[in-house]
Amino acid sequence: MKYRPLGDTGIEVSLLGLGTVKLGRDQGVKYPTAFKIPDDQQALALIGLAEDLGVNLIDTAPAYGSSETRLGELLQGRRQRWVICSKVGEEFVDGQSYFNFTPEHTRMSVERSLQRLRTDYIDIVLIHSDGDDMAILQKEGTLQALAELKAKGMIRAIGLSGKTVEGGIAALQQGDVAMVTYNLEHQEEKPVLDYAQAHQKGVLIKKALASGHICVGPHEDPLRKSMEFVFAHPGVSSAIIGTINPEHFKENVRALPV
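Residues numbered from 1 in each chain as written. Predicted model: local features only at pLDDT ≥ 70, side-chain atom pairs only at ≥ 80, totals over all residues. Heavy atoms only, no water.

*Asks:* Would you explain the overall build of the protein in this entry?
*Replies:* Within the protein one finds 10 helices and 12 strands. Its C-alpha radius of gyration of 17 Å places the protein within 12% of the 18 Å reference for a compact globule of 258 residues. Overall, the C-alpha framework of the protein stretches about 50 × 40 × 35 Å when taken along its three principal axes. Relative to its 258 residues, the protein shows a buried fraction of 55%. Intrachain contacts of the protein at a sequence separation of at least 6 include 74% that bridge at least 24 residues. Surface summary for the protein: the accessible area is close to 11300 Å², and the carbon and sulfur share equals 49%. (Helix = DSSP H or I, 4+ residues; strand = E, 2+ residues; numbered from the N terminus. Rg over C-alpha atoms; globule rule 2.2 N^0.38 Å. Buried < 20%, exposed > 50% of the residue type's maximum accessible area, 1.4 Å probe, protein only. Contact = heavy atoms within 4.5 Å. Areas by Shrake-Rupley, 256 points an atom, 1.4 Å probe, with all protein chains shown as cover.)

*Asks:* Just to check I follow, could you spell out the nonpolar core for this structure?
*Replies:* Buried together is how nonpolar side chains tend to be arranged in soluble globular proteins. Residues Val 110, Ile 127, Leu 146, Ile 205 and Phe 231 are the most contacted members of the largest nonpolar core, which totals 58 residues. Examining the composition of this core, we find that five residues originate from one element, helix α2 (residues 40-52), more than from any other. If we skip the residues at most four places from it in the chain, Ile 127 touches Val 88, Phe 101, Ile 136, Leu 137, Thr 142, Leu 143, Leu 146, Gly 159, Leu 160 and Ser 161. If you look at the next biggest cluster of nonpolar residues, it comprises 13 residues, including Leu 6, Leu 57, Met 179 and Leu 204. (Core = buried A, V, L, I, M, F, W, Y, C linked by side-chain atoms within 4.5 Å.)

*Asks:* Just checking my understanding: could you explain the packing of helix α5 (residues 133-140) against helix α7 (residues 165-174) for this structure?
*Replies:* When two helices pack together, their arrangement is given by the angle between the helix axes and the distance between those axes. Where α5 contacts α7, the axes come no closer than 8 Å and their chain directions differ by 35°. Between α5 and α7, the contacting residues are Asp 133, Met 134 and Leu 137 on the first element and Glu 166, Gly 167, Ala 170, Ala 171 and Gln 174 on the second. (Axes fitted to C-alpha atoms, helices over the stretch in contact; angles between N-to-C directions.)

*Asks:* What is the right way to read the pairing of strand β7 (residues 96-99) from this model?
*Replies:* Two faces, one strand: in a regular strand the side chains alternate between the faces of the sheet. As defined by bridge partners, strand β6 (residues 90-93) adjoins β7 across four bridges and the pair is classed as antiparallel. Following the sheet pairing, Phe 92 is matched in β7 by Ser 97. Counting the residues in the hairpin turn of β6 and β7 gives two residues, including Asp 94, whose phi is positive at 50°. (Pairing = 2+ DSSP bridges.)

*Asks:* Looking at this model, I keep getting lost on the sheet that holds strand β10 (residues 177-181). Mind explaining?
*Replies:* As a general point, the strands of a sheet are linked pairwise by backbone hydrogen bonds and lie either parallel or antiparallel. If you trace the eight strands once around the closed barrel, you get β3-β4-β5-β8-β9-β10-β11-β12, paired in parallel fashion. With direction set aside, neighbouring strand axes in the sheet form an average angle of 30°. Of the pairings in the sheet, the one linking strand β11 (residues 202-206) to strand β12 (residues 238-241) comprises two bridges and is parallel in character. Within β12, the residue paired with Leu 204 across the bridge is Ser 238. Packing against the sheet, helix α9 (residues 222-231) makes contact with β3 (16-19), β11 and β12, and its axis sits at approximately 145° to β12.

*Asks:* Quick question: what am I supposed to make of the side chain of Ser 161 here?
*Replies:* Take Ser 161: it is sitting in strand β9 (residues 155-161). A polar contact is formed between the side chain of Ser 161 and the side chain of Lys 206, at a distance of 3.1 Å. For Ser 161, the contacting residues outside a window of four places in its chain are Leu 126, Ile 127, His 128, Ser 129, Met 179 and Lys 206. (Polar contact = N/O pair within 3.5 Å; in protein donor to acceptor, adjacent residues only side chain to side chain.)

*Asks:* Would you explain the pattern of salt bridges in this entry?
*Replies:* Two side chains of opposite charge can pair, provided their charged atoms sit close to one another. Tallied over the entire structure, the rule returns 12 salt bridges. In this structure, the salt-bridge partner of Asp 194 is Lys 190, at a minimum N-O distance of 3.2 Å. Residue Asp 194 and its partner Lys 190 are located together in helix α8 (residues 190-199), separated by four residues, close to a single helical turn. Overall, Lys 190 belongs to the partly exposed group, its relative accessible area being 33%. One connected set of salt bridges, linked through shared partners, spans Arg 79, Asp 123 and Arg 156. (Salt bridge = Lys/Arg side-chain N within 4 Å of Asp/Glu carboxyl O.)

Following this line, the structure appears as structure tokens:
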């Protein structure tokens, strides 16, 4: 496993991060096939495998159902081994998502995440955008609330998991990290990667495999081609892979560029 700096935060992350939406939520998710939420034994085995493969980044969110609470239990005794990324802004209750970006909710959400994760700090906290990135950054005060919590030592790095180029760049101007969609079929957010590279900011990639939908030519390996494409950009710090299949995870690691 190779590692890259997360901008100038002082945090180093493995090229692949383990996404954990499937550890806590199986409703309203956009994957090509249905899945069953793994039990604790299966989840612990997956986390152990990720550790053995050199992965040090794990991604969660309040919107991922019971994911944070489960990680708090599963990571007991191994917290220092992991760079934890969580989020604020999106909630998932009774099968429905809703959004709240107020500073008050932001502070409550981070404190709740700390309790659920059983830790006294979270390495990365991102705003879980509803798509209106610039309105959130300009009007809500969410990032300012996160900056205050960072100043108190509760968070190490802050930013936005957004959906627009403008939002991604603005988040990097005001914070440390942007999470963007970037893959063979969606390259519109490349300017965020370019900005991050030029200004020593961190970028995490979501949907590097288009949630499992990537297809290329008949004589090409879609997984390897996807990984080569994503990591060819020096602005990319890590890509979050949300599989719960151990063999798929091993295949993802094997497909990483040498």
